[in-house]
Structures are given as structure tokens and as C-alpha cells.
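Chain by chain, the residues:
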Amino acid sequence: MVYFVLFIVVMALAFDYINGFHDSANSIATIVGTRVLSPLAAVIWAAFFNFAALFVAGTAVAKAFGGGFIDMKIVDPSVILAALLGAIIWNLITWWFGIPSSSSHALIGGYAGAAVSKAGFAALLWGTKWIETLSAIVLSPALGMLMGFGLMVLVFNLFRNATNARVDKFFRAAQLTSSALLSLAHGSNDAQKTMGIIVALLVASKATFATQTGWLHFFYVEDLTSIPMWVELAAYACISLGTLSGGWRIVHTMGTRITKLKPVGGFCAETGGAIVILMATRLGIPVSTTHTITGAIVGVGATTRLSAVRWGLASRIVWAWVITIPAAASMAALSYRLLAAIHPV
């Protein structure tokens, strides 16, 4: 059992890594699309601030994620592994087709699907966290769109007498700051979801590690109220390494295909998205960074003219958002059935 749990911890960190390269577009697509930084410089910049979030973010999202959705009484290593498999499979499918779906909702859907497969719908804790998360599917892109649109309108008014060359020069520099802020926000919210799933696994397996000595004793976690430092370090390191790998298919979609962006637009989209994500992190809400920044990009594009947004592509992305939770849940449910047959706990 010890090695099975250790394997699942590795799988959780693999999901975190995949989350990093799948969602790297959230942090770098606009700054690459506006040609402020080269792709290599952009991923290094984003990865650094992904990891820096460790020192400012806290653990509210991790604690909510670990125990706010599923009854911990039914959680066991097979449920966690099935949840991760469902999320990873869906992430790889959407990455392959270049669709910026939500890694966060894939993990939530996988967690729910695995739990329901084991114990039925009674395994779900219908309450605040489900309401907040399901509401965020609509609210996060809407708030991102409003923030992106509002910031662009504000900037247009503040710089209405400036020349295009001056505006471009100013916001090429300013976009470095906004990109860093978005990367910090991305790391702060997304890494904590992996932290939450690892801690849920360790709490469910605490009897296995209660009598262990040496380095294995660090895997003993009594409850969800505290997150071991090694879990935090590992989660932020893996998501940062994933960002360094870059998901170039999705970067292309986010940076150029939804709408054409200039540095001023990139600044407003990144800043608007970051504000929404950081507010959610502060409140302990596991929000989708993908939904939020996509909404902000659409809001920025709409300030030029509505036809500046490729609404056909945007609608495809919305449909991917809608089906992410049930798709990942279905894959996780099937994974749990297979695991229960192969490795009964």
C-alpha cells in the first residue's frame, strides 16, 4: 500500500506538470501574441512567477479543494488515482486539439466522477464549494470580460491624446508587469488544487504512514487543516516546470486566433484576468484561470468592434468548458471501475 500511495503522489505531481504546460497559455499567450517577449523568454518569465506564488498565496484553495467537494469518508487511494486519470486524459485530449479547457474543472470533475462511481451521488458534499465552483463557470469569464473591457476603456480615455507609437512603447514595458501578475495569480490558484488532492490522499491513507519512520513519516498527515511544506514546494515546482515546457497549440489559439492583440490589449487582458483570479484565491475559491483570461481577451477585443472577436472559435471554447466536468467525470468513473477490479483497496 505504501508504494501504491507514493505512485499516486507522483501521478498528482504529473497532473500538476501537465496543468502547467496545458495552462501555460494563460500566462504567456498574450505577451507572445503581442511580440513583447519571445516564446522562450515568456515561459521562463511565467514559470518564475508561478513558483513565486508559493510565498504569497496561502493555502485556502488547497484546503477547500481537498475537503469541500467529496465526503472524505469514502476517499481512498483508488478514488484519488481515478480522479487524476480522468483529469489527465481530458487535459491531453483538449491539448491535442488546441482547445483551452479548464484543468481545474477537469480535476473537480474527475474527483466527483470517481467518488460517485464508488459510492453514488451521496459521496458529493452539495454545499458552498459546489455552488461557488459551478457559479464560477459562468462568472469567471464574465468578470474577466468586464475587467478586460473596462480597463481598455479606461486606458483609451487616459491615453486618448498620446500617439500610437508612445502608447505601444509604454505598454510593451507595462505588459511585463501584467504578465508577471497573471503568472503569479495562475500559480497561486492552480498549484493549490494539486496540493489539495495530495493532502486528501494522505489523510485518507494516514493509517498506512502512522508507524513509518525516516522520510516516509513526512507522508503522515492527520487532517486537512495543515499542508506539509514539501507538498507546497513540490506542487509549485511541478506547475512551474510544466509552464517551462509550454503548450504551444493552446498558446496559438489564445494569443492570436481569438482576437488580434496589441501590447495595450495584452496589458488590459492580463491585468483584468489576474485581478479576478487573485480575488478568488483570496476567498478560497478554485476558479478556472483558463476561463478568466479567455473572457478578458474577448472583452479587450470587443472594445475595438464586436467583429474583432472570432465568435465561432469562442463558442467552440465555451462548449469545451461546458462538457469538461462531465467528460472528466465519466473518464474517472470508468478508471475507478477498472482500478477497483485490478487493485481492490
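Residues numbered from 1 in each chain as written. Predicted model: local features only at pLDDT ≥ 70, side-chain atom pairs only at ≥ 80, totals over all residues. Heavy atoms only, no water.

Student: Any details on the overall build of the protein? Residues and values, ideally.
Tutor: Regarding its fold elements, the protein presents 14 helices and 0 strands. The 345 residues of the protein split such that 60% are buried. For the protein, restricting intrachain contacts to residue pairs at least 6 apart in sequence, the fraction spanning at least 24 positions comes to 89%. On the protein, roughly 14,000 Å² of surface is accessible, and the fraction owed to carbon and sulfur atoms is 71%. (Helix = DSSP H or I, 4+ residues; strand = E, 2+ residues; numbered from the N terminus. Buried < 20%, exposed > 50% of the residue type's maximum accessible area, 1.4 Å probe, protein only. Contact = heavy atoms within 4.5 Å. Areas by Shrake-Rupley, 256 points an atom, 1.4 Å probe, with all protein chains shown as cover.)

Student: With reference to specific residues and values, describe the environment of F170.
Tutor: Counting through the fold element by element, F170 comes out in helix 8 (residues 164–204). The exposure class of F170 is partly exposed, given its relative accessible area of 45%. Spatially, the C-alpha atoms of F170 and P263 are 8.7 Å apart, while their sequence positions differ by 93 residues.

Student: Before we move on, could you go through a nonpolar patch on the surface and cite the residues and values that matter?
Tutor: Residues Y17, L40, I44, L241 and L244 make up a contiguous nonpolar surface patch of roughly 460 Å² in combined accessible area. Mapped by element, the contributors of at least two residues to the nonpolar patch are helix 3 (39–52) and helix 10 (229–245). Inspection of the secondary structure puts I44 in helix 3. When its relative accessible area of 46% is taken as the criterion, I44 is described as partly exposed. (Patch = residues over 30% accessible without salt bridge, like charges linked within 9 Å, V, L, I, M, F, W, Y side chains within 5 Å. Salt bridge = Lys/Arg side-chain N within 4 Å of Asp/Glu carboxyl O.)

Student: Describe helix 13 (residues 289–302), and please don't skip the residues or the numbers.
Tutor: Taking 1.5 Å as the rise per residue, helix 13 with 14 residues should run 20 Å; its terminal C-alpha atoms sit 20 Å apart, in good agreement. Here helix 13 lies mainly inside the structure; 14 of its 14 residues are buried. (Expected span 1.5 Å × (residues − 1).)

Student: Report on the environment of I293, specifying residues and quantitative values.
Tutor: Along the polypeptide, I293 turns up in helix 13. Put simply, I293 and G273 are 20 residues apart on the chain and 4.9 Å apart in space, counted from C-alpha to C-alpha.

Student: I'd like a rundown of the packing of aromatic side chains, residues and numbers included.
Tutor: Applying the stated criterion across every chain, the model contains 14 aromatic pairs. Centroid distance F51 to F55: 6.1 Å. Interplanar angle 75°. Geometry classified as edge-to-face. Note on F51: relative accessible area 29%, which makes it partly exposed. Relative accessible area serves as the criterion here: at 63%, F55 is assigned to the exposed category. Measuring from ring centre to ring centre gives 5.6 Å for F209 and F219, while their planes differ by 25°; the resulting arrangement is stacked. With a gap of 10 residues between them, F209 in helix 9 (residues 206–209) and F219 in the loop between helix 9 and helix 10 connect regions that are remote in the sequence. An identical accessibility class is assigned to F209 and F219; each is buried. These aromatic residues form a ring-pair network of at least three members: F65, F69, Y111, W126 and W130. (Phe/Tyr/Trp six-rings, centres within 6.5 Å; stacked < 30°, edge-to-face > 60°.)

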